[in-house]
Amino acid sequence: MKPIQIKVKHVVRLVIILFIAVIIWFAGVPSFRHQKFVPMPQNEIQKIYKKIKDGNGKLYQSEGSLRFKNRQFYLDGKPFRIFSGAFHYFRVLPQYWNETFLKMKASGLNTVETYVAWNFHEEIKGSFNFVGNKGLLNVREFIETAKSHGLFVILRPGPYICAEWEFGGLPSWLLRDTEMKVRSNYEGYLSAVDTYFAHLIPHIQHLQYAKGGPIIAFQIENEFGSYTVDVEHLRKLKKMMKKHGVVEMFFTSDPQIKSWKNGLYPIAYEALPTVNFKHLDEGGQELVDFIEGLGEFPLFVMEYWTGWFDEWGGEHSSDMETPKLKEILTKLLDSGASINFYMFRGGTNFGFMNGAKIYNKHGYKPVVTSYDYMAPLSEAGDTTEKYQVIRELLMKYQENVRHFHGATLKEIPENKEKAAYGTFPINTYLSFEDLLSESEKIESKMILTMEHLTLYHGSGQNYGYILYRKILPKTKTINIKGIMQDRMQVFWNGKEIAAFDWTENLYQIHLDLMTDINIDEKENKLDLLVENLGRVNVRPLNEQFKGIMGEVFTDGSKEELKDWVIYPLDFRSQFLNSVWIHSHYKQLPNFDPSPALYSAEFDIEGTPKDTYLSMEGWTKGIVFINSFNLGRYWKHGPQQRLYVPGSILQNKKANTIRIFEQKKAGKEVVFYNSPTPY
């Protein structure tokens, strides 16, 4: 008989989800999916203009190097136009920055825009890191490299960035404060932000244009009006940024004007308002007209969405038809707009850094490992048809598109050859128990979430998996009450007996109906393995705890189980270094021992090339090559192949691949020279 799981939709959680959906709808947070655009009546727009005119302030005027007048940007007193591309240093390894900047410059761009991911630089509270992780942390080097290619830089340091990035760039240790309210004037949050800015801004302030560098503008927060309209919070952030050394132009960006009606309008006194959209007929034209109606401000489309991202378990995102893209861009370019293409190169959510969304109808949706975004440059940095279309258009509008130095490149750098390295068998594995033997072991009276574990000087666990273990006598039923985030596998004496995800919120298991499991009279091992699939990067934010938020009961008892052993499986470097050299790796048995860590070695000839690792035949887990965490895979798709940068491969000694498979392993891996065929 197959194990029986009772999976009932929990009424309370359903109400919560519906309540969140209502909040999202009325607050104006765009779902960007299946939402019909309803234009704001002109009389309402005129009321906004009147509030701004009658308010206690003057329209923002830049005190930085980049200024504006009569809807025109000026730099060094000369007319200036910005053609920019979004390219995140934390999503592309440094070995590919030069190539990408060259292709950007050849496309007609004169500027690169990047977010700064706070949680990437302060993973442990008070410990800042701006180097390392294969160079992905080197934001200053990224800016300096852009400067060397003659590109200006627009910096968006957050503290919140969205970006389909884990927790929107916020460090999860903020949630250890039980009163925490992120993106607000809560003192605990402001203090943490101030410390972050105190480390980041001095690190890059000499790279501002006024000091000889390429940075011409800084964004305050990100799409703040879609979250709240507390302009005083933005004022405080701006004051902090200035205190720590920002001297260039400030701007904000938002994808709707509803927030201005709801109270955001005083931001017009603090920063240049810019807009985000994809289609003119789905709100974009309204945003364009609104900015023009403000008077002095130049039109800057801070995020012109060139594509979209994918989510686990969903369909591959559809793209805009080329004629439509040409039509929209031509209208914008004819209007004199400055544009930042989001994304120009999307890159990859390496490791555990993907974000997630909660949609009105579809609930929680984690973002896949690839952040290709259907951008002009692919995940691997290859030029696409979209790149050629954009380049052809931009070349017709190069007046006032000056560069930091140099000029638009006439030749487009060639795409690099990709390699199909073929098939390699899996040789050995490390059992789950051996894996746990290298983990931290925490004894706790109660079940704790990742964030509340006593780890890393009070920062808790940020990413990965958390295992809750309890030894029980003979048991008939297990009930887990509360909320679990985001996916849980239940094991009884090492055998998986149930699996639940975010769509289910009553977790009940009837052991007495299972005939194929071993139940000892006195001692049985219950394991609850919970995976953090990515914290939401839009909203709700203050509830993004991972693990189990609740209690476990057995056999109808009203007394919860206590005295747990908790293993934080975050796959950090110290843990990995111990696991890699573990002495208990064994040859594969004639049964599937998953969950387990699988290992193989493979050789390549010649200079290493980019390639794509197919995980077809595997179920769910994460992959490391030469100790570098490529990210997640999941048979649910749509992504089935992981991008492998050639820069992490080696040709003078064997490459090592290690796979943490959670359910059912394959027998081999295959390297192709192309990404997932959709």
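Whatever comes next refers back to the structure up there.
Since the structure is predicted, the reported quantities are computational estimates derived from the model, not experimental observations.

**A few points about the nonpolar core**
Next up, step 1: Counting residues in each nonpolar core, the largest one holds 191 residues, and the members touching the most others are Tyr304, Phe571, Val623, Ile625 and Ile659.
Next up, step 2: With 9 residues, the single largest contributor to this core is helix 6 (residues 187-204).
Next up, step 3: Core analysis: the second largest hydrophobic core is formed by 30 residues, Leu472, Ile480, Phe500 and Ile517 among them.

**A look at helix 10 (residues 322-334)**
Next up, step 1: In a regular helix each residue adds 1.5 Å, so 13 residues correspond to 18 Å; helix 10 covers 18 Å between its end C-alpha atoms and thus fits that length.
Next up, step 2: All of the buried residues in helix 10 are Leu325, Ile328, Leu329, Leu332 and Leu333. For helix 10, the angular spread of buried residues about the axis comes to 130°, placing them on one side. Summarising the geometry of helix 10, the exposed residues directed more than 90 degrees from the buried face are Pro323 and Asp334.
Next up, step 3: Lining the buried residues of helix 10 we find strand 5 (83-87), strand 10 (272-277), helix 9 (284-293), strand 11 (300-305), strand 12 (338-345) and helix 11 (385-394).
Next up, step 4: Gly336 lies just past helix 10 and shows a positive phi near 90°.

**A closer look at the packing of aromatic side chains**
Next up, step 1: Taken as a whole, this structure holds 52 aromatic pairs when the rule is applied.
Next up, step 2: Aromatic pair Tyr89 and Phe142: ring centres 5.9 Å apart, planes at 50°, arrangement tilted. Here Tyr89, found in the loop between strand 5 and helix 3 (97-106), pairs with Phe142, found in helix 5 (residues 139-148); they are 53 residues apart in sequence, far enough to count as distant.
Next up, step 3: Given the relative accessible area of 0%, Tyr89 is considered buried.
Next up, step 4: For Phe142, a relative accessible area of 0% corresponds to the buried category.
Next up, step 5: Note on Tyr342 and Tyr373: the rings are 5.5 Å apart at their centroids and 85° apart in plane angle, and the pair reads as edge-to-face. One end of the pair, Tyr342, is in strand 12; the other, Tyr373, is in the loop between strand 14 (363-366) and helix 11, with 31 residues separating them in the sequence. For the residue pair Tyr342 and Tyr373, the accessibility class agrees, reading buried in each case.
Next up, step 6: Among the aromatic residues, those joined into a cluster by ring pairs are Phe87, Tyr89, Phe90, Trp97, Phe101, Phe120, Phe142 and Trp165.
Next up, step 7: For Arg91, the ring lying beneath its charged end belongs to Tyr371, and the centroid distance is 3.7 Å.

About the cut-offs
Residues numbered from 1 in each chain as written. Predicted model: local features only at pLDDT ≥ 70, side-chain atom pairs only at ≥ 80, totals over all residues. Heavy atoms only, no water. Core = buried A, V, L, I, M, F, W, Y, C linked by side-chain atoms within 4.5 Å. Buried < 20%, exposed > 50% of the residue type's maximum accessible area, 1.4 Å probe, protein only. Helix = DSSP H or I, 4+ residues; strand = E, 2+ residues; numbered from the N terminus. Expected span 1.5 Å × (residues − 1). Arc of directions from axis to C-beta. Contact = heavy atoms within 4.5 Å. Phe/Tyr/Trp six-rings, centres within 6.5 Å; stacked < 30°, edge-to-face > 60°. Lys NZ or Arg CZ within 6 Å of the ring centre and 35° of its normal.

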